[in-house]
Amino acid sequence: MRRDIEMRTIVTLFGFSPEQEAAIREGAPGWNVVFAKPKEIGPDVLRSAEIVCGWHPVVASALEGPAESPLRWVQTGSAGVDNLPLAELERRGVTVTTASGVHPVPMAETAFAMLLAFTRNLHLAVRNQAERRWERAETYGELRGRTMGIVGAGQIGSEVARLAQAFGMRTLGVRRSGKAAEHFDRMVPFEGLDGILAESDVVVNILPDTPETRRLFDADRFAKMKPGALFVNIGRGVSVDTDALLEALRSGHLAGAGLDVVDPEPLPENHPLWNEDNVILTPHIGGNTDSYKERLAELFLANLRAYLETGRPERNVVDYRLRY
């Protein structure tokens, strides 16, 4: 049933282009649409919002207190929702949708940038360049013919698998349902994780932050991985026991680790991971891309159309029970 939309408010916290702002206004005729940066918007405006596109602590602050707000839908700008007060949003009956689908291309390319750096020893070459040393590594490898295990085989995992197959790799996936998917040679449920780790030359972790995934990659799991395997984490830092990872790297059991996320984050200046030659660190930028706002605007508009028609967005709705 179509709901009355007279002077209801949408707040967007992204710096959308004028064309994208116009499209959003046109998509919500009769609504009060506010475009502002988080620190420029007053709490009264946020308290009046029925829809918020974006998330920032100022939104949570505006919702504090016993008074109920008209907020019914939050469209995040991230694939993960571990930074949101999910219990409070669920209590208020707020629907949360993620930006899943916006990030697969840059995330997959980040994973492969790390993997290619390791196989071709570019990480060592860059360090040698900084010291003006003309020095070759002892060995150079290839991705072709190797097996990749992808833990968390959603939209990002599917794009990683597509690229892996293009490189001539065998692809194994792990996801809750265990349901087969395109670009995966084999898919298993989480009960089959240890077997996938034992088969994989490369393990790519794309898991969200949930109670079940925290410290999932511990000393026991790293021990189950192939000697000389590469590990890439573009999911969440808390899914990895950092001390156990460091020990697996120093012992030589793992050949290298590409980490876009870490625990703790940001990594302290005195943390030993900074000094490991077989580690590539990037500051949680795997999903960053100059196409981000264009894709997010398209997703938000699609969900907005569904919301105006049915009272509920249809894409990427978070299951509060699963926390993603």
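So, here's what we can say about the structure.

What counts as what
- Residues numbered from 1 in each chain as written.
- Predicted model: local features only at pLDDT ≥ 70, side-chain atom pairs only at ≥ 80, totals over all residues.
- Heavy atoms only, no water.
- Helix = DSSP H or I, 4+ residues; strand = E, 2+ residues; numbered from the N terminus.
- Rg over C-alpha atoms; globule rule 2.2 N^0.38 Å.
- Buried < 20%, exposed > 50% of the residue type's maximum accessible area, 1.4 Å probe, protein only.
- Contact = heavy atoms within 4.5 Å.
- Salt bridge = Lys/Arg side-chain N within 4 Å of Asp/Glu carboxyl O.
- Pairing = 2+ DSSP bridges.
- Axes fitted to C-alpha atoms, helices over the stretch in contact; angles between N-to-C directions.

## Comments concerning the overall build of the chain
(1) Moving on: Helix and strand counts for the chain stand at 11 helices and 12 strands.
(2) Moving on: Relative to the globule expectation of 20 Å for 324 residues, the C-alpha radius of gyration of the chain, 22 Å, shows essentially globular dimensions.
(3) Moving on: Expressed as lengths along the three principal axes of its C-alpha atoms, the size of the chain is roughly 70 × 45 × 35 Å.
(4) Moving on: The buried share of the chain, taken over its 324 residues, is 50%.
(5) Moving on: A separation threshold of at least 6 residues defines the contact pool for the chain, and within that pool the share at least 24 residues apart is 60%.

## Some thoughts on the pattern of salt bridges
(1) Moving on: All told, the structure shown has 17 salt bridges when counted by the stated rule.
(2) Moving on: Notably, a salt bridge pairs R170 with E199, separated by 2.8 Å at the nearest N-O pair. Here the residue R170 occupies a position in strand 7 (residues 170–174), and E199 occupies one in helix 8 (residues 193–199), the gap between them amounting to 29 residues.
(3) Moving on: Under the relative-accessibility criterion, E199 is labelled partly exposed at 26%.
(4) Moving on: Between E199 and R186 there is a salt bridge whose closest N-O contact spans 2.5 Å. Placement of E199 in helix 8 and of R186 in strand 8 (residues 186–188) is noted, with a sequence separation of 13 residues between them.
(5) Moving on: Taking relative accessible area as the criterion, R186 reaches 32% and is therefore assigned partly exposed.
(6) Moving on: Connected via shared salt-bridge partners are E88, R91 and R92.

## Remarks on the sheet that holds strand 4 (residues 73–75)
(1) Moving on: Spatially, the five strands line up as an open sheet ordered 2-1-3-4-5, and their pairing is parallel. The open sheet terminates on both sides in strands that have one partner only, identified here as strand 2 (32–35) and strand 5 (95–97). Within this sheet the neighbouring strands show an average axis-to-axis angle of 15°, counted without direction.
(2) Moving on: Summarising the sheet, strand 1 (residues 9–12) and strand 3 (residues 49–53) pair through four bridges and their orientation is parallel. Its bridge partner being in strand 3, I10 is matched across the sheet by I51.
(3) Moving on: Sheet contacts for helix 11 (residues 292–310): strand 1, strand 3, strand 4 and strand 5; angle to strand 4, the most-contacted strand, approximately 160°.

## Looking at the sheet that holds strand 11 (residues 254–259)
(1) Moving on: Across the sheet, seven strands lie side by side as 8-7-6-9-10-11-12; this open sheet has parallel pairing. Taken across any chain shown, the strands that pair with only one partner, and hence form the sheet edges, are strand 8 and strand 12 (279–281). Geometrically, the sheet is characterised by an average inter-axis angle of 15° between neighbouring strands, direction not taken into account.
(2) Moving on: With three bridges connecting them, strand 11 and strand 12 associate as parallel partners. Residue pairing for strand 12: L259 is matched across the bridge by L281.
(3) Moving on: With respect to the sheet, helix 7 (residues 155–166) is in contact with strand 6 (147–151) and strand 7, its orientation differing from that of strand 6 by roughly 175°.
(4) Moving on: Packing against the sheet, helix 10 (residues 242–250) makes contact with strand 10 (229–233), strand 11 and strand 12, and its axis sits at approximately 140° to strand 11.

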